Amino acid sequence: MRKLTYIVVFLVSVTGHAQNWQRSYTDAVALAQNEDKPIILIFSGSDWCAPCIKLDRTIWQSQDFKAHARDNYILYKADFPRKKANQLPEKIKIENQGLANTFNPEGHFPLVLVLNKNQKVLGKTGYQKISPGAYISLLNTFLK
């Protein structure tokens, strides 16, 4: 069983680094604990929330953020799309709703949380009209 766990964590880390975003929060936590890295947990409405879309385009898709995140963070986006074509698998919907109940009961979108590997909230922010470098600096202030 232990060997299987190592294999799963290895596969998750290999595929996770290729895209940076973890497929499930459970995977993100396991990887964060294995690699001793903080988790960036984003609550997003990817197909209806204008600030969420701006945050994705200006920060998450920037080369600066991608390069920095690859070595420094574990990323998970708890997405809440509304359009039928963008719906997530039921298991992920349930997981994201549980995360919202725990970490975002007020329902703010976008909400960006920095968590330690044990899921303790270190800081939170949202969309800000700043450069990717400034946003990275902001996220890093929560780690001190």
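Here is a short report on the structure shown in this document. Here the structure is a predicted model, which means the values were calculated and not measured.

## Here we look at the overall build of the protein chain
Logical step 1: Scanning the protein chain from N- to C-terminus turns up six helices and four strands.
Logical step 2: Going residue by residue from the N terminus, the α and β elements of the protein chain occur as α-α-β-α-α-β-α-β-β-α.
Logical step 3: By residue count, 42% of the 144 residues in the protein chain fall in the buried class.
Logical step 4: Of all intrachain contacts in the protein chain linking residues separated by at least 6 positions in sequence, the fraction that spans at least 24 positions is 63%.
Logical step 5: Surface exposure of the protein chain reaches about 8300 Å², of which carbon and sulfur atoms provide 55%.

## Looking at the layout of surface pockets
Logical step 1: Roughly 170 Å³ of volume is contained in the largest pocket.
Logical step 2: In this structure, the largest pocket is lined by Trp-21, Gln-22, Arg-23, Tyr-76, Lys-77, Asp-79, Leu-88, Ile-92 and Asn-96.
Logical step 3: Examining the composition of the lining of the largest pocket, we find that three residues originate from one element, strand β2 (residues 74-79), more than from any other.
Logical step 4: Its residues assigned to classes, the lining of the largest pocket shows four nonpolar, two polar and three charged.

## Concerning helix α6 (residues 132-141)
The α-helix advances 3.6 residues per turn, and as a result positions three or four apart in sequence lie on the same side.
Logical step 1: Among the residues making up α6, those that are buried are Pro-132, Tyr-135, Ile-136 and Leu-139. Mapping the buried residues of α6 onto a view down its axis gives an arc of 100°, with all of them on the same face.
Logical step 2: Turning to α6, the residues buried within the fold contact β1 (39-44), α3 (50-60), α4 (63-72), β3 (111-115) and β4 (121-125).

## Re the sheet that holds β3
Logical step 1: Reading across from one edge, β2-β1-β3-β4 is the order of the four strands in this open sheet, with mixed pairing throughout. Of all strands in the sheet, those bounded by a partner on one side alone are β2 and β4. Neighbour-to-neighbour, the strand axes of the sheet open up by a mean angle of 20°, direction not taken into account.
Logical step 2: Bridge count for β3 against β4 is four bridges, and the pairing is antiparallel. Each residue of the ladder has a partner; that of Leu-113, found in β4, is Lys-124.

## Regarding the side chain of Ser-44
Logical step 1: On the secondary structure map, Ser-44 appears in strand β1.
Logical step 2: According to the relative accessible area criterion, Ser-44 is buried, its value standing at 4%.

## So, the pairing of β3
Logical step 1: Of all five residues that make up β3, five are buried, and the element is covered over most of its length.
Logical step 2: Neither face of β3 is left uncovered, since the one carrying Leu-111, Leu-113 and Leu-115 and the one carrying Val-112 and Val-114 both have all their residues buried.
Logical step 3: As paired elements, β1 and β3 share five bridges and run antiparallel to each other. Across the sheet, the residue bridging to Ile-40 is Val-114, located in β3.

## Considerations on the state of the cysteines
Logical step 1: Counted according to the given criterion, the structure contains one disulfide.
Logical step 2: The disulfide that involves Cys-49 links it to Cys-52, with 2.4 Å between the sulfurs. Around the S-S axis, the bridge from Cys-49 to Cys-52 shows a dihedral of about 70° and counts as right-handed. For the pair Cys-49 and Cys-52, one class covers both residues: buried.

## Here's the deal with the nonpolar core
Logical step 1: Counting residues in hydrophobic clusters, the biggest one holds 19 residues, and the most contacted among them are Tyr-25, Leu-41, Phe-43, Tyr-76, Leu-99 and Phe-103.
Logical step 2: Elements supplying a minimum of two residues to this core: α2 (25-35), β1, β2, α5 (90-103) and β3.
Logical step 3: If you look at the next biggest cluster of nonpolar residues, it comprises 15 residues, including Ile-59, Leu-75, Val-114 and Phe-142.

What counts and how
Residues numbered from 1 in each chain as written. Predicted model: local features only at pLDDT ≥ 70, side-chain atom pairs only at ≥ 80, totals over all residues. Heavy atoms only, no water. Helix = DSSP H or I, 4+ residues; strand = E, 2+ residues; numbered from the N terminus. Buried < 20%, exposed > 50% of the residue type's maximum accessible area, 1.4 Å probe, protein only. Contact = heavy atoms within 4.5 Å. Areas by Shrake-Rupley, 256 points an atom, 1.4 Å probe, with all protein chains shown as cover. 1 Å grid on protein atoms, 1.4 Å probe; cavity = no way out; pocket = protein on both sides within 12 Å on 5 of 7 lines; lining within 4 Å. Points joined across faces, edges and corners; volume = space filled by probe spheres on them. Nonpolar A, V, L, I, M, F, W, Y, C, P; charged D, E, K, R; others polar. Arc of directions from axis to C-beta. Pairing = 2+ DSSP bridges. Axes fitted to C-alpha atoms, helices over the stretch in contact; angles between N-to-C directions. Disulfide = S-S within 2.5 Å. Core = buried A, V, L, I, M, F, W, Y, C linked by side-chain atoms within 4.5 Å.

So yeah, pure geometry; function would need other evidence.
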